Every structure is written in C-alpha cells, then in structure tokens.
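Residue strings, one per chain:
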Amino acid sequence: MLIESNKITSHNDELFKAHKNKLVFTASEIGETENIIQKLIDFQIAIPSWALGTGGTRFGRFPGGGEPRSLEEKIEDVGLLHALNNASGAISLHIPWDIPTDYQAIKVLAAQHNLKFDAVNSNTFQNQVNQTHSYKFGSLQNVNKAVRKQAIEHNIEVIQQGIALGSESLTVWLADGSCFPGQLNFRKAYQNTLESLEEIYAALPSNWKMFLEYKCAEPNFYSTTVADWGQSYSYVKKLGNKAFTLVDLGHHLPNANIEQIVALLLMEGKLGGFHFNDSKYGDDDLTAGALKPYQLFLIFNELVEGMDAKGMNHATDLGWMIDASHNVKDPMEDLLQSVEAIMIAYTQALLVDRKALEIAQNENDVVRAQEILQNAFRTDVRALVAEARLRSGAALNPVGLYRDLAIRKGLITERGLKTVATGL
C-alpha cells in the first residue's frame with residue numbers, strides 16, 4: 001500500500017493557513033528557527049520490525065487486523081510511516097524473525113520506500129524451531145558451554161545478515177539471569193557472558209558497533225546478568241571502542257535518574273543509542289512521551305548539551321529507535337505519536353539557553369536554572385516540527401491523514417482481518 005503524493009499535498013493545503021499562522025507566532029517567540037528546522041529534517045528515528053504488530057501481555061493478545069505477515073510487508077508499513085512524517089527513515093530487523101529470502105530484492109524494496117537498515121537484533125531470549133539447546137537457563141551466561149557456543153554463533157550469524165543488508169550495528173539484549181537465590185554464581189555468570197561477548201565482538205566488521213542493552217528485571221525475577229547501565233558499561237569498557245551501552249527508557253528501576261545516566265555514559269564515550277518508550281510501573285513499552293514528557297525533555301537536554309560539547313552530529317552519531325508494544329492502539333498510530341513526541345522533546349532541548357543555564361549553575365541560582373529549563377519545556381514547538389515535515393514533503397498532521405485515508409482499513413482489505421505479525 002502506497003500513499004499518493006497528491007493526497008499529502010491536498011491534506012497540507014487544507015491545513016496550511018492555520019499552520020502558517022502558528023509558525024509565524026512560534027518564530028516570533030523563539031527567534032532563529034531555520035537551524036532548528038534543518039536539524040529536525042535531518043533527525044531520523046528507526047522503527048523496529050516487531051513494533052508493527054499488536055503486542056500483548058502474559059494474559060492475552062488481541063490482534064488488530066492487517067498486521068504485516070512478512071518482512072516485505074513490514075518494510076511497506078515503515079514506508080507508510082516515513083511517507084507520513086519523513087522522520088522514520090530506517091527499519092531495525094530482529095533475527096530470526098526477519099531473515100530475507102532474497103537480500104537484493106529486500107534492499108531494493110527498502111530503497112523504494114527511502115529506508116535504510118538500522119541495527120540488527122539477535123534473539124537468545126526464546127527457543128527457535130529446530131534449536132539444539134534450550135535457553136531456559138540463559139544463553140551467553142549459561143553454565144553449559146554448548147549452549148553458550150550456540151548463542152555466540154547465532155549472534156555472529158546476525159552480523160552476517162546485517163552485512164548483507166547494509167546495516168552497521170548489532171544490538172544484544174539478554175534475558176539471562178536467575179529467578180531464585182543460589183540458582184547461579186554471579187561471578188561465573190558475568191565471566192561467561194564477557195567471554196561470549198568477546199567472541200561476538202571479534203566478529204564485528206571494522207565499521208560496525210555493538211550495542212549492549214540492559215534491563216533491571218524480567219523475565220528473571222532475582223537477578224539479570226546485564227541489570228543496569230553500570231553492568232553494561234563494565235562489559236563494553238572491556239570489549240573495546242566498538243562496543244557501547246544502549247539505553248531503553250523502560251529498563252530501569254522506579255524513579256531512576258535516566259538523564260544523569262545518559263549524561264555520564266555520553267561523557268565517557270560509551271553511549272550508543274536509545275530505545276524510546278514510556279512507562280508508569282515498569283517496562284511497559286508505552287507510547288514515548290505519553291506519561292513522562294518532562295523526563296523525555298530532560299534526557300534530550302542532556303543529549304544536546306553533551307553532544308554539542310563533544311562536537312557530535314545529532315542525527316548520526318547515536319542510534320535512535322523506538323521500542324514499544326501496542327496492546328490496545330493501532331501500532332501505526334502509536335508509532336506516529338511516539339515519533340512526534342520525540343521530535344518535540346528534541347526541539348524543546350534545542351531551545352535551552354545554554355549560556356544562561358551555565359551562568360545560573362555557576363552562581364548556584366537554582367530558581368533561575370529551573371526557570372530556564374521549564375521555559376523551554378513549556379514552549380509549544382509543534383509548528384516547528386510540522387514545518388520540518390512540510391518542507392520534507394510529509395504530512396502536517398500524520399495521524400490525521402492516516403485516519404482520513406483509512407490506512408488500517410486498507411491494510412485489512414489487502415491482508416485480512418485475522419493476520420498476526422511475524423515474530424509475535
């Protein structure tokens with residue numbers, strides 16, 4: 001399914017006058033906006049292949065119809081998102097859920113939708129068909145060397161899949177851990193994991209990165225082998241200069257200061273990128289910015305300050321990706337909302353008066369420092385985000401156009417009402 005460009009143009013024409021009025025007002029409040037708009041045009045957020053279908057909980061899953069049944073259809077869905085917002089120009093694949101049968105054809109299809117391949121993701125948190133050894137008691141940490149070898153070989157295979165597609169990074173997330181005290185030896189679990197990661201790291205091409213994700217709990221309930229940013233940092237520091245920590249916003253204990261974690265990892269040169277989502281209780285994988293928009297802004301505040309201090313390119317020097325599970329929403333609408341929230345938080349962070357904030361910090365003027373941040377956060381920057389889309393040929397109101405064109409209904413017509421996305 002494709003969106004005809006004239007339909008985007010017609011949609012924008014209807015909204016243009018109101019948008020222009022908002023843009024003029026916003027520009028009068030902010031001042032220099034051209035540099036910000038260009039940064040927004042350049043900023044792209046990858047879409048994970050597994051987020052295009054309906055998620056679920058331990059208690060049930062309620063598919064919404066028209067879900068992508070193949071890798072080709074997943075690429076087509078991300079292409080639809082990118083046509084609507086021009087900010088979703090990459091897809092992140094999960095192996096073995098997304099193994100192509102024809103690599104060249106898949107690359108051609110992605111190019112037709114103006115998509116690149118972001119990080120490839122390995123899967124050692126569940127058993128696969130015809131798998132020799134089980135990951136019930138862990139993969140890279142497992143006490144059985146044969147299980148570890150199987151998990152290592154899978155990750156190396158994922159790297160080869162990524163090379164064939166033009167990806168340049170591998171994301172490793174481990175469900176390894178223990179459910180009860182005494183179940184495993186913490187030191188040996190760490191050592192086994194490190195040795196396994198070293199073998200995988202050795203297989204990376206020279207231009208590749210390895211991202212090591214962490215998670216404080218679940219599916220194991222007593223310990224996880226890469227439980228927090230400190231443990232991930234410990235591993236990647238030992239592995240080498242191609243290894244980095246990946247931050248998933250939901251993978252923290254309650255009330256964790258994620259913006260401080262981000263700042264320190266960035267300062268140490270070990271921040272690799274993000275999996276954006278939001279949460280109320282734990283790893284809820286909700287729409288980014290739906291519950292904690294100020295936290296999202298504060299994270300971007302640290303990112304903008306830290307990246308500028310290091311002379312980094314905002315768009316390309318870190319990995320930006322959404323990781324969400326859509327249990328009750330249309331996945332496509334949810335993803336459009338997440339991208340919008342991320343772009344808004346990024347824009348607000350670009351507005352922060354860095355010189356004034358530094359002065360306030362040096363003078364211990366706590367009130368002034370808070371006012372500077374909150375003034376930026378309370379600024380309505382939606383017109384700037386919309387203008388970046390308009391200049392890129394995308395829709396002024398992506399969710400609105402998605403609904404006006406009845407895209408989900410069209411996908412159901414094409415694919416059927418009772419489809420289930422691969423990998424879910």
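Residues numbered from 1 in each chain as written. Predicted model: local features only at pLDDT ≥ 70, side-chain atom pairs only at ≥ 80, totals over all residues. Heavy atoms only, no water.

**Q** Would you take a moment to explain the overall build of the protein chain for this structure?
**A** Assigned secondary structure in the protein chain consists of 15 helices and 11 strands. What you see for the protein chain is a C-alpha radius of gyration of 22 Å, in line with the 22 Å of a compact globule of 424 residues. Seen along its three principal axes, the alpha-carbon backbone of the protein chain occupies a region of about 65 × 60 × 40 Å. Expressed as a percentage of the 424 residues in the protein chain, the buried residues total 52%. Summing over all exposed atoms, the protein chain offers an accessible surface of approximately 19500 Å²; the carbon and sulfur share of this is 52%. Computed over 39 positive and 50 negative side-chain charges, the inter-centroid distance for the protein chain is 3 Å. (Helix = DSSP H or I, 4+ residues; strand = E, 2+ residues; numbered from the N terminus. Rg over C-alpha atoms; globule rule 2.2 N^0.38 Å. Buried < 20%, exposed > 50% of the residue type's maximum accessible area, 1.4 Å probe, protein only. Areas by Shrake-Rupley, 256 points an atom, 1.4 Å probe, with all protein chains shown as cover. Lys, Arg positive; Asp, Glu negative; His and termini not counted. Charge placed at Lys NZ, Arg CZ, Asp CG, Glu CD.)

**Q** Any chance you could explain the sheet that holds strand 9 (residues 243-248) here in plain terms?
**A** Strands pair in a sheet through their backbones, by hydrogen bonds, and they do so in one of two ways: parallel or antiparallel. Here 6 strands make up an open sheet; going across it, the order is 4-5-7-9-10-11 and the pairing parallel. Two strands close off the open sheet at either side, each with one partner strand: strand 4 (120-121) and strand 11 (319-322). Two elements, strand 7 (residues 209-213) and strand 9, share 4 bridges in a ladder whose sense is parallel. Across the sheet, the residue bridging to Met210 is Ala243, located in strand 9. The sheet strands contacting helix 6 (residues 186-202) are strand 5 (169-172), strand 7 and strand 9, and the helix crosses strand 7 at an angle near 155 degrees. The sheet contacts of helix 8 (residues 258-267) involve strand 9 and strand 10 (271-276), and relative to strand 10 the element is tilted by about 150 degrees. (Pairing = 2+ DSSP bridges. Contact = heavy atoms within 4.5 Å. Axes fitted to C-alpha atoms, helices over the stretch in contact; angles between N-to-C directions.)

**Q** For this particular structure, what's the right way to read the pairing of strand 10?
**A** Along strand 10, 6 of the 6 residues are buried, which leaves the element largely enclosed by surrounding structure. Pairing of strand 9 with strand 10 involves 4 bridges; the strand directions are parallel. Residue pairing across strands places Leu246 opposite Gly273, the latter belonging to strand 10. In terms of handedness, the path from strand 9 via helix 8 over to strand 10 forms a crossover that is right-handed. Two strands pair when backbone bridges link them, and strand 10 and strand 11 are joined in this way by 4 bridges, in the parallel orientation. Opposite Gly273, over in strand 11, you have Gly319 as the bridge partner. Following the backbone out of strand 10, through helix 9 (residues 293-309) and into the adjacent parallel strand 11, one traces a crossover that is right-handed. (Right-handed = clockwise from strand over helix to strand, strands pointing away.)

**Q** Honestly, the side chain of Glu259 in this entry has me stumped. Any pointers?
**A** Relative to the helices and strands, Glu259 resides in helix 8. There is no salt bridge for the buried Glu259, and the closest opposite charge comes from Lys292, which lies 9.5 Å off by N-O distance. Among all residues touching Glu259, those that are not within four sequence positions of it are Gln295, Leu298, Ile299 and Glu302. (Salt bridge = Lys/Arg side-chain N within 4 Å of Asp/Glu carboxyl O.)

**Q** I keep staring at unusual backbone geometry and nothing clicks. Help me out?
**A** Among all residues except glycine, the phi angle is most often negative; among peptide bonds, the trans geometry is most common. Here the bond from Ile95 into Pro96 is cis, since omega is 15 degrees, no more than 30 degrees from zero. Assignment of secondary structure puts Pro96 in the loop between strand 2 (90-92) and helix 4 (103-112). For the bond running from Glu218 to Pro219, omega is 10 degrees, close enough to zero to count as cis. Topologically, Pro219 is positioned in the loop between strand 7 and strand 8 (223-224). Here the phi dihedral of Asn255 falls at roughly 70 degrees; this positive angle occurs in a residue that is not glycine.

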